[in-house]
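Okay, here's what each chain looks like letter by letter:
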Amino acid sequence: MKIHREGLGTIGLTFLVLALLNVAVFYYLGTSPVFTWSFFVISLVLFLFIVSFFRIPLRDMQQGESLVISPCDGKVVVIEETYEPEYFKDKRLQVSIFMSPANVHVNRNPISGQVKLSQYHSGKYLVAWHPKSSTENERHTVVIGNEKAEVLVRQIAGALARRIVNYLKAGQEVKQNEELGFIKFGSRVDIFLPVGTKVDVQLEQNVKGGQTVIAQL
């Protein structure tokens with residue numbers, strides 16, 4: 001397991017703040033060992049949670065030219081045909097994956113191809129499962145196309161997620177399962193596929209980025 005580079009600053013700052021707080025607590029309240037040691041244990045648990053949030057587990061990645069691989073870890077919360085207004089401007093098959101704070105938060109390319117669009121949008125911070133979060137929240141839209149199809153991936157910030165990181169630029173050639181970006185502290189990722197695409201997941205199914213086959217083109 002590795003720690004993602006996006007977390008190094010957060011982990012370092014968390015360690016410094018908790019260390020200073022614990023020094024202060026032990027210095028001023030050292031006469032109450034139950035409180036001071038309880039505070040230390042709580043601080044340690046919080047620090048380990050922050051570290052685990054930025055983990056990158058070692059995985060055997062699934063690959064295939066006709067396969068759409070899950071771009072993230074989480075639970076499938078939407079599978080439906082809907083109108084996509086930003087890029088396709090027509091009806092598409094939407095698959096949405098909710099990422100809880102306990103999930104791995106690396107986002108990966110679902111297919112190989114050329115980046116047709118990479119566009120950031122500022123916005124609100126509605127809860128990730130809100131129906132309007134896909135169009136009103138802070139988000140970053142990426143479209144990757146190849147000879148099979150064009151697939152849109154949208155990173156959506158939620159009530160806790162306040163920073164979306166995306167590494168792709170329009171015109172760039174990318175490979176399946178390479179890092180697309182990162183969303184800090186939980187949110188949602190939407191995938192838009194051509195109508196009629198065979199979906200291999202079900203609602204409420206837990207998926208893993210780079211491993212679970214979402215659909216077949």
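Figured I'd write up the structure that's included with this text.

So, how was this worked out
- Residues numbered from 1 in each chain as written.
- Predicted model: local features only at pLDDT ≥ 70, side-chain atom pairs only at ≥ 80, totals over all residues.
- Heavy atoms only, no water.
- Helix = DSSP H or I, 4+ residues; strand = E, 2+ residues; numbered from the N terminus.
- Buried < 20%, exposed > 50% of the residue type's maximum accessible area, 1.4 Å probe, protein only.
- Areas by Shrake-Rupley, 256 points an atom, 1.4 Å probe, with all protein chains shown as cover.
- Lys, Arg positive; Asp, Glu negative; His and termini not counted.
- Charge placed at Lys NZ, Arg CZ, Asp CG, Glu CD.
- Pairing = 2+ DSSP bridges.
- Polar contact = N/O pair within 3.5 Å; in protein donor to acceptor, adjacent residues only side chain to side chain.
- Contact = heavy atoms within 4.5 Å.
- Patch = residues over 30% accessible without salt bridge, like charges linked within 9 Å, V, L, I, M, F, W, Y side chains within 5 Å.
- Salt bridge = Lys/Arg side-chain N within 4 Å of Asp/Glu carboxyl O.
- Axes fitted to C-alpha atoms, helices over the stretch in contact; angles between N-to-C directions.

For the rest of this paragraph, the subject is the overall build of the chain. In terms of regular secondary structure, the chain is built from three helices and 16 strands. When the backbone C-alpha atoms are referred to their principal axes, the chain occupies close to 70 × 35 × 30 Å. Taken across its 217 residues, the chain has 46% of its residues classed as buried. With an accessible surface of roughly 11,000 Å², the chain has 59% of that area assigned to carbon and sulfur atoms. Taken together, the 23 basic and 19 acidic charged side chains of the chain have centroids lying 5 Å from each other.

Pairing of strand β4 (residues 74–84) with strand β15 (residues 206–207) involves two bridges; the strand directions are antiparallel. Each residue of the ladder has a partner; that of K75, found in β15, is N206. Sheet topology note: the β4/strand β5 (residues 90–99) ladder contains nine bridges and is antiparallel. Pairing of V76 across the sheet is with I97, part of β5.

This brings us to the side chain of E6. For E6, the location among the structural elements is in the loop between β1 (2–3) and α1 (8–28). Its relative accessible area of 14% is what places E6 among the buried residues. Looking at E6, its side chain comes within polar contact range of the side chain of Y167, at 2.8 Å. Apart from residues lying up to four places away in sequence, E6 is in contact with F54, R163, V165, Y167, F182 and K184.

Here the focus is a nonpolar patch on the surface. A cluster of nonpolar side chains, contributed by F26, W37, F40, V41, L44, V45 and L48, occupies part of the molecular surface with about 660 Å² of accessible area. Of the residues forming the nonpolar patch, the biggest block, six residues, is contributed by helix α2 (residues 33–53). Relative to the assigned elements, F40 resides in helix α2. Given the relative accessible area of 36%, F40 is considered partly exposed.

Glancing now at the sheet that holds strand β12 (residues 179–183). As summarised here, the arrangement of the three strands in space is β6-β12-β10, forming an open sheet in which the pairing is antiparallel. Each having just a single partner strand, β6 (106–108) and β10 (164–166) make up the two edges of the open sheet. In this sheet, adjacent strand axes meet at a mean angle of 20° when their direction is disregarded.

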